[in-house]
Amino acid sequence: MSAAPQKAKAGAEKIDVLVSAVVPLNDLVTRFEFKRTDGKDFPPFSAGAHTVVEMQDEGRTRLNPYSLMSDPADTSTYAISVRRDDQGRGGSLFMHQNVSQGDPMVITYPVNLFALDLRARKHIFFAGGIGITPFMAMIAQLERSNGHWELHYAARSPELASYATELKAKHPSNVHVYYDSENQAIDLGHLLEGQPLGTHAYVCGPAGMIQWVHTTAAELGWPEDNVHSEEFLAPQPGKPFQVRLCRSDITIDVGENESLLEAMERCGVDAPFLCRGGACGQCETDVVEHSGTFDHRDHWLDEAEHASGEKIMPCVSRFLGETLVLDR
Amino acid sequence: MSKFQFPESILSRPVYGTLAPRPGKSHLMIADAEGAEALLELADRDENLMANSHIIYLPKDTGETYVDRLRAAGPNQLYVGPSFAAATQRIRHVLGQAHMGLQVYLTGTEGLIGQAMNEATAVGIPHTAIQTEHRGSVARRMQCVHCKGITEDVTTDPFVCSHCGLNLFVRDHYSRRLAAFQGVCIDAEDPGNVPDPVELYS
Ligand code: FES
């Protein structure tokens, strides 16, 4: 055994909280605010961090990551904003329908996979829809440190543009909002071209938008290291499959509507994770044997690793075929 | 032959690549001496590159050898100067006016590459995004760790610090901040016991 302290459980450390406020913002988005049950302060976090919220949904434990959107300097409260996804797996619906003020919940310590690069001369943010949330915290952090930033925020319509009015009122010259309903679009190429040296770009939003910003920036000669993005993938349903976990010495069934990671947890296997969205790399698992095809869906492994059949990210990826044996 | 393959060394020692044209609307190329050859090869690889390029060239002991050929390659601007110190103001001015997407190419001696790299990273370009190619002399820019003075174009090991006169041993320990290798006194314990200087990499 190494001398390093071993963590008792997978995932980040947990915090017991009470829901201190539930604030509907529009038809789709609601803000949830938390206070610690023990009355103490939360750990400070760096803007861009997320927390994993544990939901007890009729015997089933749902664990969904949400960006912390509150001011990082305010350690009395953590806040997240949740967009209701009627077609989703149910986590956001659970939050909207079953969580009310005063409820006890469990969330994890913040984990940051989308931090500001504080060496930047300037920060330019691109938000799509609910992708605005991490930027709320980033803006608060940069305002305090006199950082140089601007925000380009695309939303479906004025009604659905969460926080747009408040942001524009507070920072009229830094905030630019674009509404699909009014055929407005971010003039990305032009914006990226005109930035001073040392600018860092950040994008959070739908997959297509993230791809668009990365590709356009690369075409214009932006260094890869200056473009940051965060996309949590929700695990997608798929055909059920069977997995042998050789270290735990059990064979488990992964149902249609659960991820491989969730199935392992359901069967009492303490599998590592942090983001549960294919982004952090924590859940990487070695494949011992397989015959069949992988359905890799993560952003962590590269193409060669996907093709090798030697690794899988159980939080989002699936498998189709005869045998799958994992080193877990 | 202006290319030299440096043997593998400690992590601190910079490694150099081969310049390749990159997408971007403006390009800054800083070269000294035989570095001109790398720029000419770059121009050959992409005929549209030079029209959007600003070349800052320090011929050093190559004199006029490459200047006409560089001009013929058709850069948008070509500056030919006597030393890095003389070119610094111009480099800062170009970087100060530049926007994201500027591509930086550095080629020639290690001293030139290191110092130009510092100017570019100071304005916020990550060092991983700056291309470098070593050409020409393997002379080094050395800092004396004792008096902190810099001796340029060191070609032998050991050498005499041009500031304090100590006999310094040439090491691969490099400082990115100073753009210099670190030289350490070789005869501190037994003054006067100095090995005969040998040419670097000979
Ligand atoms: S838990 Fe983060 S990649 Fe799977």
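Refer to the structure printed above.
What comes next concerns the included structure. Computed from a predicted model, the values in this text were never measured in an experiment. (Residues numbered from 1 in each chain as written. Chains lettered and ligands numbered in written order. Predicted model: local features only at pLDDT ≥ 70, side-chain atom pairs only at ≥ 80, totals over all residues.)

**A closer look at the packing of helix H3 (residues 84-97) of chain B against helix H4 (residues 110-122) of chain B**
Residue and element names in this part refer to chain B. Heads up, the condition is: Whenever a helix is involved, its axis is fitted only over the stretch in contact; in every case the axis is a line through C-alpha atoms, and angles between N-to-C directions fall within 0 to 180 degrees. Segments assigned H or I by DSSP are reported as helices when at least four residues long, segments assigned E as strands when at least two residues long, and all are numbered from the N terminus. Our angle categories are set so that under 35 degrees counts as roughly parallel, over 145 as roughly antiparallel, 65 to 115 as roughly perpendicular, and the remainder as oblique. Each crossing gets its hand from how the near helix is turned against the far one by less than a right angle, where anticlockwise is left-handed and clockwise is right-handed. By the criterion used throughout, residues are in contact when their C-beta atoms, derived from the backbone, lie within 7 Å. Lys, Arg, Asp and Glu make up the charged group, whereas Ala, Val, Leu, Ile, Met, Phe, Trp, Tyr, Cys and Pro make up the nonpolar group; the residues left over, Gly among them, are polar.
The interhelical angle for the contact between H3 and H4, taken along N-to-C directions, is 30°, at an axis separation of 10 Å. Considering their axes alone, H3 and H4 lie roughly parallel with respect to each other. Crossing of H3 against H4: the hand is right-handed. Here Phe84, Ile91, Arg92 and Leu95 of H3 lie close against H4, whose contacting residues are Leu112, Gln115, Ala116, Glu119 and Ala120. Here the contact of H3 with H4 is built from residues that sort into six nonpolar, one polar and two charged.

**Focus: helix H2 (residues 133-144) of chain A**
Residue and element names in this part refer to chain A. The condition that has to hold: Any helix carries an expected span of 1.5 Å times its number of residues minus one. Once C-beta atoms are placed from the backbone, each residue is buried if 20 or more other C-beta atoms lie within 10 Å of its own, exposed if 12 or fewer, and partly exposed for counts between those two.
For H2, built from 12 residues, the straight-helix expectation of 16 Å at 1.5 Å per residue is met to within 8% by its first-to-last C-alpha distance of 18 Å. A large share of H2 lies buried, amounting to nine of its 12 residues. Within the span of H2, buried status applies to Thr133, Pro134, Phe135, Met136, Ala137, Met138, Ile139, Gln141 and Leu142. On its buried face, H2 is in contact with strand S4 (60-67), strand S5 (78-83), strand S8 (122-128), strand S9 (149-155), strand S11 (199-204) and strand S12 (227-230). Where H2 ends, the next residue or the one after it, asparagine 146, has phi of about 60°, a positive value.

**Focus on the interface of chain A and chain B**
Listed by partner, the interface residues are 18 residues for chain A and 16 residues for chain B. Here the side of chain A that touches chain B is composed, by residue class, of seven nonpolar, six polar and five charged.

**Observations regarding the sheet that holds strand S11 (residues 180-185) of chain B**
All names here are of chain B. Rules: Two strands are said to pair when DSSP picks up at least two bridges between them.
Taking strand neighbours across the sheet as the criterion, the five strands line up as S7-S6-S11-S10-S9 in an open arrangement whose pairing is mixed. Of all the strands in the sheet, just strand S7 (150-154) and strand S9 (159-160) have a single pairing partner and so form its edges. One ladder, built from two bridges, connects S9 with strand S10 (residues 167-175); its direction is antiparallel. Bridge assignment links phenylalanine 159 to a residue of S10, and that residue is leucine 168. Most of the contacts of H4 go to strand S6 (residues 140-144), to which it runs at about 70°, and overall it touches S6, S7 and S11.

Without other data, these values stay purely geometric and don't point to any function.
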